[in-house]
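Geometric and topological summary
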Amino acid sequence: EEVWDVLLYMALGENDDVATQQQFYQAHMGGDYATKQSIHEQYYPLTAAKLSDHIETFLGELDFLERKGEYGGEVAADDHPRLPLIMRHNEFVKKTFLTVRSAQE
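Residues numbered from 1 in each chain as written. Predicted model: local features only at pLDDT ≥ 70, side-chain atom pairs only at ≥ 80, totals over all residues. Heavy atoms only, no water.

Thoughts on the pattern of salt bridges
- The tally for this structure, following the rule as stated, stands at five salt bridges.
- A salt bridge links R101 to E56; the shortest N-O distance between them is 3.0 Å. In this pair, R101 is assigned in helix α5 (residues 83-104) and E56 in helix α4 (residues 44-79), connecting sequence segments 45 residues apart.
- Relative accessible area serves as the criterion here: at 38%, E56 is assigned to the partly exposed category.
- In the salt-bridge network here, residues are joined through shared partners; they are D63, E66 and K94. (Salt bridge = Lys/Arg side-chain N within 4 Å of Asp/Glu carboxyl O. Helix = DSSP H or I, 4+ residues; strand = E, 2+ residues; numbered from the N terminus. Buried < 20%, exposed > 50% of the residue type's maximum accessible area, 1.4 Å probe, protein only.)

Structure, rendered in structure tokens:
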């Protein structure tokens, strides 16, 4: 739920919908779930698009880092002993984002 809240808040700001953004913020801070839900429903397509864009951008960055790590991994392993751990972490994050993307489709 928190991810959707952040994405919606950001999207409202990017669309210069300051009034709705402030209404959403006040509902969040005041625990007004009904108002938050109503705004989420109204802006669902926008929020879903923001999530999709975030997922695709992040997956692209992870692919780039994976290629970079594989290319220089053997050489860099001496200078960066944590590189294998970082690569495993990135693979875990990638699988998580792929799972979210599959659930969104």
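The structure having been displayed, the exposition proceeds.
Quick look at the packing of aromatic side chains
- Here the structure, examined in full by the defined rule, presents three aromatic pairs.
- A centroid spacing of 5.7 Å and a plane angle of 20 degrees characterise the contact between W4 and Y44, whose relative ring orientation is stacked. Here the residue W4 occupies a position in helix α1 (residues 2-14), and Y44 occupies one in helix α4, the gap between them amounting to 40 residues.
- With relative accessibility at 46%, the residue Y44 sits in the partly exposed group.
- With centroids separated by 6.3 Å and ring planes inclined at 50 degrees, the aromatic side chains of Y9 and Y25 adopt a geometry described as tilted. Here Y9 is found in helix α1, whereas its partner Y25 is found in helix α2 (residues 18-30), with 16 residues between them in sequence. (Phe/Tyr/Trp six-rings, centres within 6.5 Å; stacked < 30°, edge-to-face > 60°.)

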